Structures are given as structure tokens and as C-alpha cells.
Amino acid sequence: MKISVILKTLNEEKRIGAAIESVIAALSGFDGEIIVADSGSRDRTVEIASRYPVVIAQIQAPAKASCGIGPQLGYQYSSGDVVCLMDGDMLLDPEFLPAALDYLAQNPRVAGVSGHVNEVNLDNLEFTRRVQRNAPENRSGQLDRLNGGGLYRRSAIEEAGYFSDRNLHGYEEFDLGQRLRMRGWTLYRLDRRFVDHFGHSINSYVLLTRRWSSKYLRGVGELLRAGTEQQRFGTLTRELSEVRLWCGVYLWWAILLACLIYGFFNPIGFALFFVLLLLPIVLMSIKQRSVSLGIYAVVAWFFHAAALPLGFFSARKKPEGWIESKLLKSP
């Protein structure tokens, strides 16, 4: 059985060498290939990656960088019976592949299997929240998605139509998971490590603004738009708790606006405005057991809710179509 390992990259010069070396070590004894799927890095990512025995593919105009384009770019140049997806800032656990292959062999209706994503950088509030809130990356057992990557059967991906939707700037793992589950496949996370992840160590609010400018926060809206075209909009709204949260934020904004307008006629309106403005922060701070995490959570709500309609009304390209790209290296 041949294994294709896809490393999706965008400006990963600090980690790409170590990432490739971890995959080379993990593939020892296997028939495997490594594909660096680059979304237009402007640093030394490609230069460093070219020192290793890997395939390097890079998007070309009119293709544009997105979370969804990297996996599909790598997939269209892959040939393995199973496909392992990971980021260019991850280190693959040397014992994961044998355990994952064994699980797939024993469970023929499992489309993909992963393990825990060990967050190394916890000085960023975003990654601290992931660890504390029992995010999908931390749970074991049968799941609706494999956030952070994992090992997938090629036959299951082909049945689902494509690996990753190039139009999505976020939630591409959920999109794949749902398309697989709708066809009777399941996904499983082993109670063992998959990768070490060296996430962003920059200020959390700077990261939030970067995710706004990179369109990452539009992911939910873009996914809902895809759902309207693929007759799964209702299923998406039922399964994505985020949609209900953002609708709650819209309602909160409407109530705040009404209180603010009422305040011009009665001072009680201004008092209600400030109480209702601070109440979610207080409640989230209690839930997170941290004032800084509580404030960050509410600020993140604002960004995500504002980005949803922008994503929903974005133009789309056929997700199953060939991604415009250039093969920079083929060993």
C-alpha cells in the first residue's frame, strides 16, 4: 500500500525542513511519497523543501491561497492508496502511520483516522482556548471531522467527489467530513498523538485581524454557500453550532441597537445597553475561568459574525476542477 503525505504550506520556512524530516522518518519501511503543496509562499519555504526528495507543487494565477486549496492541490498530484494530510508547521509522530493503517485495515468503513494534535505554542489565546474547551483536535473516538489532518482512504475521497473545496478559507475539514459521512463513511481519532503543531506565537488579536484580512473567518459563510449548491444547507445548519452562535450574536447586536436608540428617549436605555454589552464578557470570563479569554472570545464573536455574510456571498469555482498550478520539483 502506497502512502502519499501532503504538506500544505504558505510561508513555512521556519518549520518546513523539520516537518519533511519527520515525515521521511515516519515513512521508513513504507512505499511512500511526500508532496509539498504550496499556496504561493513568499519566503524560503520552496527553497528549503527542494533540498529533500519531495514533490513540490505551487498554485499559479488565477488560483488564490485558501485553506481549502492546499489539500486539493497536493491530492491532484498524489498517487497513494491512502493520503495523509498535515501542515508545514507540524511534526509527524513516528509511530502514527502503522497504528492508523492497522485501524483502517480492521475497519473498512472508516474513511479517515487521526490522532491528537499536540499544540506546542500555548502563548496565544486562540490555541489556549482549543486546549481548554475540549476542541475536536483533543477528543478521541468517532467524530464528524478530522481537524488538523489525518490519514484518509483514497477510495473514500474519490467517492466524496474531491478532497478539499478550494473556495473555503476555513472549515475545509468539516466540509470533507460531512461529504464522507453523507455517503456512509465514518471518521475516527485514535487516543494517541498524530502530530506536534507549532502554531502562531503572535499576539492573539493580531492573529484575529490577520485571519480577517486573509478571509479565514469567512469559512462558515463559504461553507453554507456550498451547502446551498449541494443540497445540504439544512444539514449544515443543524450540525454547525457556530451558525446558531452567530445568529445569537446578530440578535444581541439588534437588541443593543434598540437599547441605544431607546436611550435617546429614556436614560434607562443607555443603562441597559452597557449591561447587555458587558454581560456576555462576564459570562464567558466565568466559563473560561479567565477574564482575558472571556474578552477574547467575545471579540472573536464580533469578527466571525461580521465575516459570515461576506463568505456566503463570495464567488465560487468548481471545487472538483483542476487547480491552476506548476510542478516545481518531482524526484
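Located above this text is the structure these notes cover.
Residues numbered from 1 in each chain as written. Predicted model: local features only at pLDDT ≥ 70, side-chain atom pairs only at ≥ 80, totals over all residues. Heavy atoms only, no water.

**Q** Would you take a moment to explain the overall build of the chain for this structure?
**A** What the chain contains, in helices and strands, is 13 helices and 10 strands. A globule of 331 residues ought to have a C-alpha radius of gyration of about 20 Å, and the chain, at 21 Å, matches this closely. For the chain, the spread of C-alpha atoms along the three principal axes comes to 75 × 40 × 40 Å. Looking at the chain as a whole, 53% of its 331 residues qualify as buried. (Helix = DSSP H or I, 4+ residues; strand = E, 2+ residues; numbered from the N terminus. Rg over C-alpha atoms; globule rule 2.2 N^0.38 Å. Buried < 20%, exposed > 50% of the residue type's maximum accessible area, 1.4 Å probe, protein only.)

**Q** I would appreciate a short explanation of the state of the cysteines in the present structure.
**A** Put plainly, two cysteines are in a disulfide when a covalent bond ties their sulfur atoms together. Going through the model one piece at a time under the given rule, you end up with zero disulfides. For the unlinked cysteine Cys 67, the closest cysteine sulfur is that of Cys 84, found at 18 Å. Judged by its relative accessible area of 24%, Cys 67 falls in the partly exposed class. As a non-bridged cysteine, Cys 247 has Cys 259 as the owner of its nearest cysteine sulfur, 20 Å distant. (Disulfide = S-S within 2.5 Å.)

**Q** Just checking my understanding: could you explain the pairing of strand β1 (residues 2-9) for this structure?
**A** Within β1, seven of the eight residues are buried, which leaves it mostly tucked inside the rest of the structure. With eight bridges connecting them, β1 and strand β2 (residues 31-38) associate as parallel partners. When the sheet's bridge partners are listed, Ile 3 is paired in β2 with Gly 32. For the crossover that starts at β1, traverses helix α1 (residues 16-26) and ends in the parallel β2, the hand is right-handed. (Pairing = 2+ DSSP bridges. Right-handed = clockwise from strand over helix to strand, strands pointing away.)

**Q** Which parts of the structure should I look at to understand the pattern of salt bridges?
**A** Applying the stated criterion to the full structure yields 17 salt bridges. Here Lys 2 ties to Glu 33 by a salt bridge, and the two come within 3.6 Å at their closest N and O atoms. A residue pair is termed long-range when its members are at least 10 positions apart, and Lys 2 in strand β1 and Glu 33 in strand β2 qualify at 31 residues. For Arg 232, the salt bridge identified is with Asp 175, shortest N-O distance 2.3 Å. Taken together, the residues span a long stretch of sequence, with Arg 232 in the loop between α9 (219-229) and α10 (233-239) and Asp 175 in helix α7 (residues 172-181) at a distance of 57 residues. (Salt bridge = Lys/Arg side-chain N within 4 Å of Asp/Glu carboxyl O.)

**Q** Sorry, what's going on with the side chain of Ser 4 here?
**A** With respect to the helices and strands, the residue Ser 4 is situated in strand β1. Residue classification places Ser 4 among the buried residues on the basis of a relative accessible area of 0%. A distance of 3.5 Å separates a polar atom in the side chain of Ser 4 from the backbone nitrogen of Ser 79. A distance of 2.7 Å separates a polar side-chain atom of Ser 4 from the backbone nitrogen of Gly 80. In this view, Ser 4 contacts Glu 33, Ser 78, Ser 79, Gly 80, Val 82, Val 83 and Cys 84; residues no more than four positions away in its chain are not counted. (Polar contact = N/O pair within 3.5 Å; in protein donor to acceptor, adjacent residues only side chain to side chain. Contact = heavy atoms within 4.5 Å.)

**Q** What exactly am I supposed to notice about the packing of helix α12 (residues 267-288) against helix α13 (residues 291-312) here?
**A** Each pair of packed helices can be summarised by the angle the axes make with each other and by the distance between the axes. Contact pair α12 / α13: the axes reach a minimum separation of 7 Å and the direction vectors enclose 125°. Between α12 and α13, the interaxial angle falls into the category oblique. As α12 runs across α13, the sense of the crossing is right-handed. Here Pro 280, Ile 281, Met 284, Ser 285 and Gln 288 of α12 lie close against α13, whose contacting residues are Val 291, Leu 293, Gly 294, Ile 295, Ala 297, Val 298 and Trp 301. Classifying every residue of the contact of α12 with α13 by side-chain character gives nine nonpolar, three polar and no charged. (Axes fitted to C-alpha atoms, helices over the stretch in contact; angles between N-to-C directions. Parallel < 35°, antiparallel > 145°, perpendicular 65-115°, else oblique. Left-handed = near helix turned anticlockwise from the far one by under 90°. Nonpolar A, V, L, I, M, F, W, Y, C, P; charged D, E, K, R; others polar.)

**Q** Would you explain the environment of Asp 81 in this entry?
**A** Note on placement: Asp 81 falls in the loop between α3 (69-76) and β4 (82-87). Note on Asp 81: relative accessible area 43%, which makes it partly exposed. In this structure, the C-alpha to C-alpha distance between Asp 81 and Arg 192, residues 111 residues apart in sequence, is 23 Å. If near-sequence neighbours (up to four positions away) are discounted, Asp 81 is found in contact with Met 1, Lys 2, Tyr 152, Arg 153 and Arg 154.

**Q** Even after reading the chapter, I still don't get the packing of helix α11 (residues 241-263) against α13, so can you show me in this structure?
**A** Running from N to C, α11 and α13 point in directions that differ by 100°, and their axes come no closer than 9 Å. The pairing of α11 with α13 is recorded here as roughly perpendicular in orientation. Residue-level contacts link Leu 245, Trp 246, Val 249, Tyr 250, Trp 252 and Trp 253 of α11 to Val 298, Trp 301, Phe 302, His 304, Ala 305, Ala 306, Leu 308 and Pro 309 of α13.

**Q** Can you help me understand the nonpolar core in this one?
**A** Generally speaking, nonpolar side chains in soluble globular proteins are found buried as a group. Counting residues in each nonpolar core, the largest one holds 34 residues, and the members touching the most others are Ile 20, Met 86, Leu 92, Leu 97 and Leu 151. Broken down by element, this core gets its largest block of residues, six residues, from helix α4 (residues 96-106). The residues touching Leu 92, leaving out its near neighbours within four places in the chain, are Ser 22, Val 23, Ala 26, Met 86, Leu 97, Phe 194 and Val 195. With 22 residues, the next largest nonpolar core counts Val 83, Ala 111, Trp 185 and Leu 187 among its residues. (Core = buried A, V, L, I, M, F, W, Y, C linked by side-chain atoms within 4.5 Å.)

Any functional reading would require information that these geometric values do not contain.
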